[in-house]
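Working through the structure, step by step
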Amino acid sequence: MKAIMYHYVREFNPELPNFRFLDVENFQKQLDFFEERFDFVSKEEWLEVLISKKLENAKKKVLLTFDDALSCHYEYVYKLLKKRGLWGIFYVPTQPYQKNKILDVHRIHLLCGAFDGLDLLATLGNFLDKKMIPDEKQKEFREQTYTRQTNYDGVTKFKRILNYFVNYKYRADLIDLVAHKLNYTFQFSDFYVPVDKLKEMQLTGNIIGSHSVSHPVMSKLTKIDQEIEIKDSFGYLSTNIRPDVKTYCHPYGGFHSFNDQTVKVLEDSRVEFSFNVESRDICDDDLVSSIQFLPRYDCNEFPFGKAS
Ligand SMILES: [Zn+2]
């Protein structure tokens, strides 16, 4: 069986000329492709697979997942799936709902969508201080940052500095400073799916799962902090959405993004299944041995799945 991961599915927005997203038209073409080639697993079939630990008739089918509770998941995805009689699993980071603030990972996407990569990099350079980069990363930072670059390079480096080089405690302030300098205001109100819409999606046959509280790289956290991220996010969901299935998805994904402690917390919390990002089909063995990190393809690995 194939699980597919999606993020932004939307239409071109002239306010974000450089924004990377899957166009709604291509999303629909990809659904057509999956339907013709593989067909979709129904929610009932999937729940049955989890109980029996056997794929059986679902072996060739496709399951759709959507990360980050982005507003387009209600505006476009949910409505299109509903029209086709399909369903999906939607993974929600809960901090935006608890703090009314856009996550740093998404604020970086917005800045990269709104501005030229080299402008972003130059602006960030004004506020960067050596003390913000841990000693062990200084050399790598010098080598990678001050080389000749293209616009696209600028975006890559801008993201890499904020996501990889700087100590996380400076990150939010740096993003604020860059946005302020470039006169950009983040609009929280329409960035995520509102909570009542998540509830509607849940009640109409979709599954709403946890994607942690603040979308950190979990493997960087202590076990206690990982526990807080996982338990608090499920706490928020069970109070406000009341999902009928307990499922989780690793922020960022890939085997570097979580560790054995994460898996232990998921098991102790009686999470039924979790998704990772790994480019291969789910097989029967995974339902036993990899149930807390099931493999999942990026949509860009299939026809019509490339970002615009
Ligand atoms: Zn995510």
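Values in this document were obtained by computation on a predicted structure and should not be read as measured data.

With respect to the overall build of the protein
When helices and strands are counted, the protein shows 13 helices and nine strands. Against the globule reference of 19 Å for 308 residues, the protein gives a C-alpha radius of gyration of 20 Å, in line with a compact fold. With respect to the principal axes defined by its C-alpha atoms, the protein has extents near 55 × 40 × 35 Å. Across the 308 residues in the protein, those meeting the buried criterion constitute 51%. When the accessible area of the protein is evaluated, it comes to approximately 14900 Å², of which 50% is carbon and sulfur surface. Side-chain charges of the protein comprise 42 positive and 45 negative groups, with the mean position of each set lying 3 Å from the other.

Remarks on the pattern of salt bridges
Taken as a whole and assessed by the stated rule, the structure comprises 14 salt bridges. Here Glu-75 makes a salt bridge to Lys-79, at a shortest N to O gap of 3.3 Å. In this pair, Glu-75 and Lys-79 are both assigned in helix α3 (residues 72-83), four residues apart and thus about one turn of the helix distant. On the accessibility criterion, Glu-75 (44% relative accessible area) is partly exposed. Among the salt bridges present, the one from Asp-104 reaches Arg-107, with a minimum N-O distance of 3.1 Å. One end of the pair is Asp-104 and the other is Arg-107, both in helix α5 (residues 104-114) and three residues apart, which spans about a single turn. A single burial state applies to Asp-104 and to Arg-107, both of which are buried. Shared partners join several salt bridges into a network, and the residues in it are Asp-104, Arg-107, Arg-171 and Asp-176.

Overview of empty space enclosed by the protein
Enumeration according to the criterion identifies one cavity of 30 Å³ or more in this entry. Approximately 30 Å³ is the volume found for the largest cavity. If you go around the largest cavity, the residues you meet are Phe-40, Val-41, Val-62, Leu-63, Leu-64, Leu-86 and Trp-87. Taken together, the residues that form the lining of the largest cavity break down as seven nonpolar, no polar and no charged.

Section: the packing of α5 against helix α9 (residues 168-181)
Relative orientation and spacing of two packed helices are given, respectively, by the angle between their axes and the distance between those axes. The N-to-C vectors of α5 and α9 enclose an angle of 25 degrees; their axes lie 10 Å apart at closest approach. What the angle tells us is that α5 and α9 run roughly parallel. Crossing geometry of α5 relative to α9 is assigned as left-handed. Two secondary-structure elements touch here, α5 through Asp-104, Val-105, Arg-107, Ile-108 and Leu-111 and α9 through Arg-171, Ala-172, Ile-175, Asp-176, Val-178 and Ala-179. Residues of the contact of α5 with α9, tallied by class, amount to seven nonpolar, no polar and four charged.

Digging into the layout of surface pockets
Approximately 1400 Å³ is the volume found for the largest pocket. Lining of the largest pocket is provided by 45 residues; of these, His-7, Tyr-8, Arg-20, His-109 and Lys-159 occupy positions nearest its centre. For the lining of the largest pocket, the elements supplying multiple residues, two or more each, are β1 (2-6), α5, α8 (151-165) and α9. Considering every element that reaches the lining of the largest pocket, the biggest residue donor is α8, with eight residues.

Considering the environment of Thr-156
Within the secondary structure, Thr-156 sits in helix α8. Linking Thr-156 and Leu-182, residues 26 residues apart in sequence, is a C-alpha distance of 19 Å.

Some points on the state of the cysteines
Per the counting criterion, the structure on display carries zero disulfides. Note on Cys-112: no disulfide assigned, nearest cysteine sulfur contributed by Cys-72 at a separation of 17 Å. Since its relative accessible area comes to 6%, Cys-112 is described here as buried. Cys-283 takes part in no disulfide bond, and the closest cysteine sulfur to it belongs to Cys-249, at a distance of 19 Å.

About the criteria used
Residues numbered from 1 in each chain as written. Predicted model: local features only at pLDDT ≥ 70, side-chain atom pairs only at ≥ 80, totals over all residues. Heavy atoms only, no water. Helix = DSSP H or I, 4+ residues; strand = E, 2+ residues; numbered from the N terminus. Rg over C-alpha atoms; globule rule 2.2 N^0.38 Å. Buried < 20%, exposed > 50% of the residue type's maximum accessible area, 1.4 Å probe, protein only. Areas by Shrake-Rupley, 256 points an atom, 1.4 Å probe, with all protein chains shown as cover. Lys, Arg positive; Asp, Glu negative; His and termini not counted. Charge placed at Lys NZ, Arg CZ, Asp CG, Glu CD. Salt bridge = Lys/Arg side-chain N within 4 Å of Asp/Glu carboxyl O. 1 Å grid on protein atoms, 1.4 Å probe; cavity = no way out; pocket = protein on both sides within 12 Å on 5 of 7 lines; lining within 4 Å. Points joined across faces, edges and corners; volume = space filled by probe spheres on them. Nonpolar A, V, L, I, M, F, W, Y, C, P; charged D, E, K, R; others polar. Axes fitted to C-alpha atoms, helices over the stretch in contact; angles between N-to-C directions. Parallel < 35°, antiparallel > 145°, perpendicular 65-115°, else oblique. Left-handed = near helix turned anticlockwise from the far one by under 90°. Contact = heavy atoms within 4.5 Å. Disulfide = S-S within 2.5 Å.

Any functional reading would require information that these geometric values do not contain.
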